[in-house]
Amino acid sequence: MLNSYLTQIRMNLRLTLRNRVALFFSFIFPLIFFGIAGLGGGGGNGLQVLNIVMGLGVLGGGLFGVGMRSVQDREQNILRRFKVAPIGPGEIIVSGMVTALALQIPNVIFMVVLAHRFLGAPWPTQPISLLVFVSLGLLAFASLGGIIAAIVNSMQEDMLLTQLFYFPLLFLGGITFPIVGFPLWLQTVAQFIPSTYFTSGLQPILRGKETLFDNLPAVGALALTALLGTLLAAKLFRWEKEEKLRPAAKFWLLAVLGPFFVLGAWQMHAKTNIAKAKVLGRDVQRSRTALIRDARLFLGDGTVIDQASVLIKDGKIAEIYMGPAPDAKSMRADAIEAAGKTLLPGLIDVHVRLSSPGLPITDPDAYRNPDANFDRELAAYLFSGVTAVKSAGDQPDMVQRHRATNASGERLGAELFAEEPPSTAVVDGIERGVMRSSIARAVGQDEGGERQLRSDARGGQGHAGIHGWPDGSSRPVAGAAGRPATVARAGQRQSSRSSVEFGLSIPS
Amino acid sequence: MTSVIEVTGLHKAYGDFEAVRGIDFDVSEGEIFGLLGPNGAGKTTTVEILEGLRSRSQGQVKVLGFDPEVSKRSLKDRIGVCLQATNLPDKLRVNEALEWFAAFYTHKADCNKLLQRLQLWDKRNEFYSKLSGGQKQRVALALALVNEPNLVFLDEPTTGLDPQVRLEIHSLIEELKAAKRTILLTTHYIEEAERLCDRVAIIDQGKIVAMGSPRELQERVFGQSRIEVVTALPMPADLPVFEAVEKHSLSADCKTLVVHSTRPARTLPDLIKWIDQKGLELEDIHLKRPTLEDVFIELTGKKLRD
């Protein structure tokens, strides 16, 4: 039995490797894509290129692989020969799937190596999650291809239907570019598409930000689709082209997509994946390598360098270069020309109130929507070069919430830190009651929030002055003048990012 | 002799259409049994039921002691099948094809010996697409023998092949017979059945209309020879009564007469004498022993090949 599977897989592999078209799309095509990306200045974002190439490979390899082979074999009376051997449809489909995996997994590893070697992408820090997730995606797309093959009556019909799926899966699913750029209604539509869940899991896993376990709904839906597709493809399997299927059987296709209809419907309500899409889109932007060239640089300790360049890698300051700027291309970085401009560390405002609308107040309704005020004010701070603020007197649960959405990148704004609650907020008994329940909500919301509240309390600094930061760290300071400085400290991503975008807006 | 195939009262209906309407036959060990019949007679349906590829509507079937509908896999594991019009992937080499299919079976033949026996040894590393029609058919036969089956189903094994190749395949089948394999053969070709089969069943419209050895069939159906006479002048419609003649027929222009006789040695001189007396001028005369083809036409009213 095992021998029969192994022999089948071995023969399938040989046949695929002898097929020039299949070889081209599996191996040469990604190479060409890497070449174009490398030449076309996309070098600033090796991980993103890798993400796209992997998505293309897995979607194409899955959708056009196993299913199309079986239609071709049926049309050419090859399956007829297998029909009389002691072997069932399940064995044929399963060995086809395993063959697809055996072809694509080395290919995925090859792509990772290429991206690392030529585009400067880091090695994946979650390799197991990555391989398992990519395999699940491949199996899900392959089973989709398999069920299409099972319900069509000719090769033409198969090509047509497969392509009808391929393009929406490719473009709407966010494989080629993040869906955050779409209008909201289209983003909602995308939540019904399998590849959306594939990309929203692949990207953070590739970046080492998440594992399989952070993507359980996606993992579940992909696995369920793979399973349903395989079972149905075996059930509807036809050995001969003369056997026609009842037209109603075509609706089985919808059953395979079922898990994603469920996920989509849930997302219409929960919208967590749409929020995640924003984060993913932001991650793509943030992970670009950029070189800010020839700026006048304020280091924050009083030192001013008249001509310096700053290399930003994966959202962090990687290097500072004195004197004339180095070549950006040789560093695989996007060049931002800043000659005649001044680059500052992000400014920090340690005492802000964000839930009130600010002055002058013309619209009394503005008080009724503190969340909107939060968002607007944080964005405004960032726009003005203030990259971090410390809230004094806002409700702790609201602070926690906005801190989380800003830190993830779902919203763009100054990084938010909370004030020690008891020393500022307790004014009288009524307000104390309000604040306590708010603290309780914050604590209930997430453990991180509770930790921060506790550490804020331990710090015991009150709102009176500029001291240490609530998390106990000191803020980033680019190294002393005269030598390149390397600063890489967790938690500073937001501020360095802000410097890139907004520090330059201050005229020299 | 033990029966390898036993079929009793087999029926198969597709919706309202009855493809097989009550078939009974047995095939003994070591026998080559032929199923003859025009297209749509129910041959393929019958064979596919025996091979475990189709379910039956009614009746008892035992193949190698298995009920094909119940023990599909065990049955498929023991039989060899050569279907017509099957293909293999273009870029598959001959020896790989054998290796691939051998992996499915419990009993495996020695693939190298099989390749030599089927004269494919020189072609063993060739891609399937590069083979000639005859070589492809030999590969199909090799695949049917890859599990050393005791029962082999050959469905139209020589259809579409040129006469030379057909003869090659025939001698291969004769070798199989010599090796005591039981073979169920379906064919369109009368000569094939006459040459290869120990017994033949003629199927028409889902029923067996005659069964026996080719010689028995010829004798049972006719027991008589056929004399064909062509004259220059038209013959009178009122023929005299000849001894041993059972029936006769005259063509529309009255110049061709066909006579069926149980004693042709007697009838022939009588006929010639009568034509001479009437001055009809004999142009042509044939004495023909009936072929299986004649049997077939007689029984089904159809030609075997269209």
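Residues numbered from 1 in each chain as written. Chains lettered and ligands numbered in written order. Predicted model: local features only at pLDDT ≥ 70, side-chain atom pairs only at ≥ 80, totals over all residues.

**Topic: the packing of helix H7 (residues 127-151) of chain A against helix H11 (residues 216-235) of chain A**
Residues and elements named next belong to chain A.
Right, on to step 1. In contact at an axis separation of 8 Å, H7 and H11 are set at 30° when each is read in the N-to-C sense. The element H7 and its partner H11 pack so that their crossing is left-handed. Within the contact between the two elements, H7 uses Leu-136, Gly-137, Leu-139, Ala-140, Ser-143, Leu-144, Gly-146, Ile-147 and Ala-150 and H11 uses Val-219, Leu-222, Ala-223, Thr-225, Ala-226, Gly-229, Thr-230, Leu-232 and Ala-233.
Right, on to step 2. Here the contact of H7 with H11 is composed, by residue class, of 12 nonpolar, six polar and no charged. (Axes fitted to C-alpha atoms, helices over the stretch in contact; angles between N-to-C directions. Helix = DSSP H or I, 4+ residues; strand = E, 2+ residues; numbered from the N terminus. Left-handed = near helix turned anticlockwise from the far one by under 90°. Contact = placed C-beta atoms within 7 Å. Nonpolar A, V, L, I, M, F, W, Y, C, P; charged D, E, K, R; others polar.)

**Thoughts on the nonpolar core**
Right, on to step 1. In terms of nonpolar packing, the biggest core is built from 148 residues, with A:Leu50, B:Ala97, B:Leu98 and B:Ala142 touching the most fellow members.
Right, on to step 2. With 15 residues, H7(A) is the single largest residue contributor to this core.
Right, on to step 3. Discounting chain neighbours no more than four positions away, the residues touching B:Leu98 are B:Cys111, B:Leu114, B:Leu115, B:Ala142, B:Leu143 and B:Val146.
Right, on to step 4. Counting 18 residues, the second-largest nonpolar core is a separate cluster that includes A:Ala325, A:Ala333, A:Ile336 and A:Ala338. (Core = buried A, V, L, I, M, F, W, Y, C linked by C-beta atoms within 7 Å. Buried ≥ 20, exposed ≤ 12 C-beta atoms within 10 Å, placed from the backbone.)

**Looking at helix H10 (residues 292-300) of chain B**
In an α-helix there are 3.6 residues to a turn, and that puts residues three or four apart on one side.
All names here are of chain B.
Right, on to step 1. Leu-292, Val-295 and Phe-296 are the residues of H10 that are buried. Buried residues along H10 cover an arc of 100° about the axis, so they all sit on one side.
Right, on to step 2. Of the residues trailing H10, Gly-301 is marked for its positive phi of about 70°. (Arc of directions from axis to C-beta.)

**Examining the domain arrangement of chain B**
Right, on to step 1. When cut into domains, chain B gives domain 1 (3-219) and domain 2 (224-289).
Right, on to step 2. The gap between the C-alpha centroids of domain 1 of chain B and domain 2 of chain B is 43 Å. (Domains from an automatic or database assignment.)

**A closer look at unusual backbone geometry**
Right, on to step 1. A positive phi angle, near 60°, is found at A:Asn77, a position not held by glycine.
Right, on to step 2. In this fold, A:Asn77 is placed in the loop between helix H4 (66-75) and helix H5 (79-83).
Right, on to step 3. Positive phi, normally seen in glycine, also occurs at B:Glu281, with a value near 60°.
Right, on to step 4. Mapped onto the elements, B:Glu281 comes out in the loop between helix H9 (264-278) and strand S13 (282-288).
Right, on to step 5. Residue B:Glu281 is classed as exposed on the basis of its 11 C-beta neighbours within 10 Å.

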